[in-house]
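# Survey of secondary and tertiary structure
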Amino acid sequence: MKPTQTTNGPVDETVKYTLAATNACGGSDTKTAAVHITGSIEPIPDVLLHSVFFPTDYPTKENPSLGLVRSQQEALEALGTGFTKYLEYDPDAKLSLAAYADERGPDKYNRNLSELRVQRVKEFLVSKGIVEAKIETSAYGQEKQLEKSTVIELQTQNPNQPPETRVKNFRATWLAYNRRVDVVLIPTNRESLRFYPNNAPDSDLLWQRAKPEVQLVEQNQ
């Protein structure tokens with residue numbers, strides 16, 4: 001039984017139905033029945049979709065779990081919690097992950113690096129209770145780089161504005177934006193926000209052009 005109410009919140013309705021019956025002898029009768037509907041209409045669960053960023057040249061084949069720093073883990077934890085609730089609303093929903101690398105390095109190397117990144121994100125989400133079959137992955141090499149004009153627009157829209165050093169060193173910022181994993185919620189096709197985590201404690205580690213020392217990355221996981 002569906003209520004007539006379409007907005008979120010408590011439901012308390014009485015719906016009346018009129019039933020009419022006839023028979024072959026010409027007899028007829030009419031009855032009225034009332035159905036009391038109570039409960040509530042819950043809002044569609046919100047899924048926080050944020051792109052996940054990686055330090056230069058991480059993860060590595062030697063240590064594929066290294067490079068998902070603390071701030072990005074927190075973003076994925078929020079995603080996992082929201083997606084788990086969303087599955088109660090749409091059991092057929094999925095997450096699509098697409099990983100990228102900045103333009104430095106050969107295409108094959110970058111593709112392998114992107115593969116390590118997307119598998120690390122998938123592995124983390126699975127560890128938080130997301131069924132593996134609910135996650136699709138893809139990895140790219142030098143193709144599909146974010147245009148510099150797109151990064152400028154993202155910087156302008158970012159609620160956490162970058163420090164002046166990152167504004168002046170735009171190439172390093174552009175490279176940093178391309179070391180990421182994007183998330184898409186299927187079937188709505190809603191895409192993750194690509195705002196760079198400028199205010200995160202590990203933001204400098206993510207942003208720097210040079211490959212960070214292993215010990216420093218380990219300290220930030």
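Residues numbered from 1 in each chain as written. Predicted model: local features only at pLDDT ≥ 70, side-chain atom pairs only at ≥ 80, totals over all residues. Heavy atoms only, no water.

## Quick look at the overall build of the chain
Quick reminder of the rule: Counting from the N terminus, the helices are the DSSP runs of H or I reaching at least four residues and the strands are the DSSP runs of E reaching at least two. Each residue is assigned to one of three classes by its accessible area relative to the maximum for its type, calculated with a 1.4 Å probe on protein chains only: buried under 20%, partly exposed between the two thresholds, exposed over 50%. In this analysis, two residues are considered to be in contact whenever any of their non-hydrogen atoms come within 4.5 Å of each other. Areas reported here follow the Shrake-Rupley algorithm with a probe of radius 1.4 Å; residue values treat only the protein chains shown as occluding.
Across its full length, the chain holds seven helices and seven strands. When the helices and strands of the chain are read in sequence order from the N terminus, they spell out β-β-β-α-β-α-β-α-α-α-β-β-α-α. For the chain, the residues scored as buried account for 41% of the 221 residues in total. Residue pairs at least 24 apart in sequence account for 72% of intrachain contacts in the chain once pairs closer than 6 positions are excluded. In the structure as shown, the chain presents an accessible area of about 12400 Å², 52% of it carried by carbon and sulfur atoms.

## Brief notes about helix H2 (residues 107-127)
Condition: In this analysis, the expected span of each helix is defined as 1.5 Å times one less than the number of residues it contains.
Its 21 residues give H2 an end-to-end C-alpha distance of 30 Å, which sits within 8% of 30 Å, the value for a rise of 1.5 Å per residue. Turning to H2, the residues buried within the fold contact strand E3 (52-53), helix H1 (70-89), strand E4 (94-99), strand E5 (135-139) and strand E6 (180-186). Just past H2, the residue Gly 129 takes up positive phi, approximately 105 degrees.

## Topic: the side chain of Asn 220
How we decide: The term polar contact refers here to a pair of N or O atoms within 3.5 Å; inside protein, the definition further demands a hydrogen-donor-capable atom paired with an acceptor-capable atom, and it admits residues adjacent in sequence only when both atoms are side-chain atoms.
Relative to the helices and strands, Asn 220 resides in the segment after helix H7 (214-219). Taking the relative accessible area as the measure of exposure, Asn 220 reaches 17% and is therefore buried. A distance of 2.8 Å separates a polar side-chain atom of Asn 220 from the backbone oxygen of Leu 216. Excluding residues that lie within four positions of it along the chain, Asn 220 makes contacts with Val 69, Arg 70, Asp 202 and Leu 205.

## Digging into the environment of Thr 188
Mapped onto the elements of the fold, Thr 188 is located in the loop between E6 and strand E7 (190-191). Between the C-alpha atoms of Thr 188 and Ala 93, which are 95 residues apart in sequence, the distance is 8.5 Å.

## Structural notes on unusual backbone geometry
Of the consecutive residues Tyr 58 and Pro 59, the connecting peptide bond is found in the cis state with omega at 0 degrees. You can see Pro 59 is positioned in the loop between E3 and H1. That bond from Ile 186 to Pro 187 is cis: its omega, 10 degrees, falls within 30 degrees of zero. Along the polypeptide, Pro 187 turns up in the loop between E6 and E7. Of note, Asp 57 is a non-glycine position whose phi angle comes to about 70 degrees, a positive value. Even without being a glycine, Asn 189 presents a positive backbone phi close to 65 degrees.

## Some details on the packing of aromatic side chains
We count it as follows: Pairing of aromatic rings covers Phe, Tyr and Trp, the last through its six-membered ring, and needs centres within 6.5 Å; plane angles under 30 degrees mean stacked, over 60 mean edge-to-face, and all others mean tilted. In this analysis the charged atom, NZ for Lys or CZ for Arg, is taken to sit over a ring once it is within 6 Å of the ring centre and within 35 degrees of the ring normal.
Taken as a whole, this structure holds five aromatic pairs when the rule is applied. When the centroid spacing of 5.4 Å and the interplanar angle of 40 degrees are considered together, the rings of Tyr 177 and Tyr 196 count as tilted. Of this pair, Tyr 177 sits in helix H5 (residues 170-177) while Tyr 196 is found in the loop between E7 and helix H6 (203-207), placing the two residues 19 residues apart along the sequence. Both residues of the pair, Tyr 177 and Tyr 196, belong to the buried class. By way of ring pairs, the aromatic residues Phe 53, Tyr 177 and Tyr 196 are connected into one cluster. It is Arg 180 that lies over the ring of Tyr 100; its NZ or CZ is 4.3 Å from the centre. Against the face of Tyr 58 rests Lys 211, its NZ or CZ located 5.2 Å from the ring centre.

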